[in-house]
Amino acid sequence: MDYSRIQDSVDMGIIKNSHIVIVGAGGSYSLITSLARCGVGTLTVLDFDTVEQTNIVRQGYKISDIGRYKVDALGNEVASINPEVNYKGITKNFLEMNDKELDAIFKQADLLLFLTDSFKAQAFGNLIALKYNTPAIWAGWYTQSRTAELFFQVPQYTTACFRCAASSRYKANEQEEVKITSNCNTIFHSQLLDSLIGMMALAILHRNTNKTDIKVMNEYELFWDSLVSKDGSTPFNFFQFKAHPVGGNKLFDKAYSHLRMNAHNFVSHWQNAEAELKIHGYDYDCPDCKGNLHHAVNNSNP
């Protein structure tokens with residue numbers, strides 16, 4: 001593979017030695033194949049769904065893939081794009097795996113991506129990321145695919161876990177499981193969010209190069225550096241964007257009602273998802289991270 005045209009953006013030594021685990025192979029089709037094009041050394045993808053006719057118009061799969069496991073169809077595509085990539089597709093539900101099976105998949109990963117419509121899977125992903133102390137990204141679309149979100153947590157940099165950021169979602173699901181539909185989600189929605197996830201993923205992988213001179217930093221080193229504050233933490237860990245003039249997500253619309261979007265502009269916003277701690281007015285610490293991410297960042301960045 002000839003990576004010469006992207007070497008000003010990425011450190012190919014980092015990329016080729018990185019292992020990314022992705023849970024969910026639906027809308028993330030273009031993300032996974034794009035990571036292969038970038039030369040990511042190892043890709044492990046978990047999904048037990050098979051390709052259906054409705055997937056063809058919005059996920060990148062082909063008619064010849066119908067009936068096959070998504071991870072198997074993806075594996076063939078990855079191999080045809082970049083045979084240098086070590087790809088593994090897993091069709092077992094990770095919610096049903098034992099500790100040994102989980103260790104074999106997640107323990108040596110450099111980055112975890114949780115990209116499913118299942119709240120249970122996304123929530124379990126938080127426990128996995130915390131257990132293995134591994135950087136992770138969660139992303140998805142809201143109702144009617146008019147707005148979307150991307151949240152990331154990176155040990156030693158971010159103070160909140162996914163549960164801290166989505167505590168209201170956890171509380172809602174305690175009453176009744178909230179089911180997300182992918183209706184209205186076209187291939188353009190998938191590719192738009194996949195691109196943002198991919199850029200954030202590469203930025204996270206470049207976080208520890210220890211370069212301080214911006215003149216010698218590549219683009220993804222600069223991307224990550226721009227998110228880090230003077231004390232070494234990363235306060236902006238939650239990104240929301242609006243991809244439709246009407247909007248549609250109540251929380252987003254309430255927060256950004258003063259911003260007007262026309263046909264030529266996307267409204268987007270970086271914000272800080274803080275840890276749920278007693279010092280922030282709660283009578284408990286987050287049940288998942290127990291405030292440990294917050295304390296680790298503050299202890300390492302006096």
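Scroll up a little and you will see the structure.
Residues numbered from 1 in each chain as written. Predicted model: local features only at pLDDT ≥ 70, side-chain atom pairs only at ≥ 80, totals over all residues. Heavy atoms only, no water.

### Considerations on the packing of aromatic side chains
With the rule as written, the count across this model stands at 18 aromatic pairs. Here Phe 119 and Tyr 170 contribute two aromatic rings whose centre-to-centre distance is 5.0 Å and whose plane-to-plane angle is 75°, an arrangement assigned as edge-to-face. In this pair, Phe 119 sits in helix 6 (residues 119-132) while Tyr 170 sits in helix 8 (residues 167-175), placing the two residues 51 residues apart along the sequence. For the residue pair Phe 119 and Tyr 170, the accessibility class agrees, reading buried in each case. With centroids separated by 4.8 Å and ring planes inclined at 45°, the aromatic side chains of Phe 239 and Trp 270 adopt a geometry described as tilted. Here Phe 239 is found in strand 7 (residues 238-242), whereas its partner Trp 270 is found in strand 8 (residues 267-271), with 31 residues between them in sequence. Looking at Phe 239, the relative accessible area reads 9%, which means it is buried. An aromatic cluster of three or more residues is present, and its members are Phe 94, Phe 106, Phe 114, Phe 119, Phe 124, Tyr 132, Trp 138, Phe 151, Phe 162, Tyr 170 and Phe 238. (Phe/Tyr/Trp six-rings, centres within 6.5 Å; stacked < 30°, edge-to-face > 60°. Helix = DSSP H or I, 4+ residues; strand = E, 2+ residues; numbered from the N terminus. Buried < 20%, exposed > 50% of the residue type's maximum accessible area, 1.4 Å probe, protein only.)

### Thoughts on unusual backbone geometry
We note that Asn 133 has phi near 55°; this positive angle belongs to a residue other than glycine. When you line up the elements, Asn 133 lands in the loop between helix 6 and strand 5 (136-141). In this model, Gln 156 sits at a positive phi of 75°, which is unusual for a non-glycine residue. Look at Gln 156 and you get partly exposed, because its relative accessible area is 41%.

### A few points about the pairing of strand 4 (residues 111-114)
Side chains Leu 111 and Leu 113 of strand 4 all project onto a buried face; the interleaved residues Leu 112 and Phe 114 project onto the opposite face, where all are buried too. Pairing between strand 1 (residues 19-23) and strand 4: four bridges, direction parallel. Residue pairing for strand 4: Ile 22 is matched across the bridge by Leu 113. Judged from the three bridges that link them, strand 4 and strand 5 form a sheet pairing that is parallel. Bridging from a neighbouring strand, Leu 112 pairs with Ala 136 of strand 5. In the classification by handedness, the crossover that spans strand 4, the intervening helix 6 and the parallel strand 5 is right-handed. (Pairing = 2+ DSSP bridges. Right-handed = clockwise from strand over helix to strand, strands pointing away.)

### Thoughts on helix 9 (residues 187-205)
Taking 1.5 Å of rise per residue, the 19 residues of helix 9 would be expected to cover 27 Å, and the 26 Å separating its terminal C-alpha atoms lies within 8% of that figure. Every buried residue of helix 9 is listed here: His 189, Ser 190, Leu 193, Asp 194, Ile 197, Gly 198, Met 200, Ala 201, Leu 202, Ala 203, Ile 204 and Leu 205. (Expected span 1.5 Å × (residues − 1).)

### Considering the pattern of salt bridges
Working definition: two side chains of opposite charge can pair if their charged atoms are close together. Per the stated rule, a full pass over the model turns up seven salt bridges. In this structure, the salt-bridge partner of Lys 62 is Glu 77, at a minimum N-O distance of 2.9 Å. On the criterion of sequence distance, the pair formed by Lys 62 in the loop between helix 3 (53-59) and helix 4 (70-81) and Glu 77 in helix 4 is long-range, its members being 15 residues apart. The residue Glu 101 makes a salt bridge to Lys 92 at a minimum N-O spacing of 2.7 Å. By relative accessible area, Lys 92 is classed as partly exposed at 35%. (Salt bridge = Lys/Arg side-chain N within 4 Å of Asp/Glu carboxyl O.)

In short, shape yes, function no, at least from these values alone.
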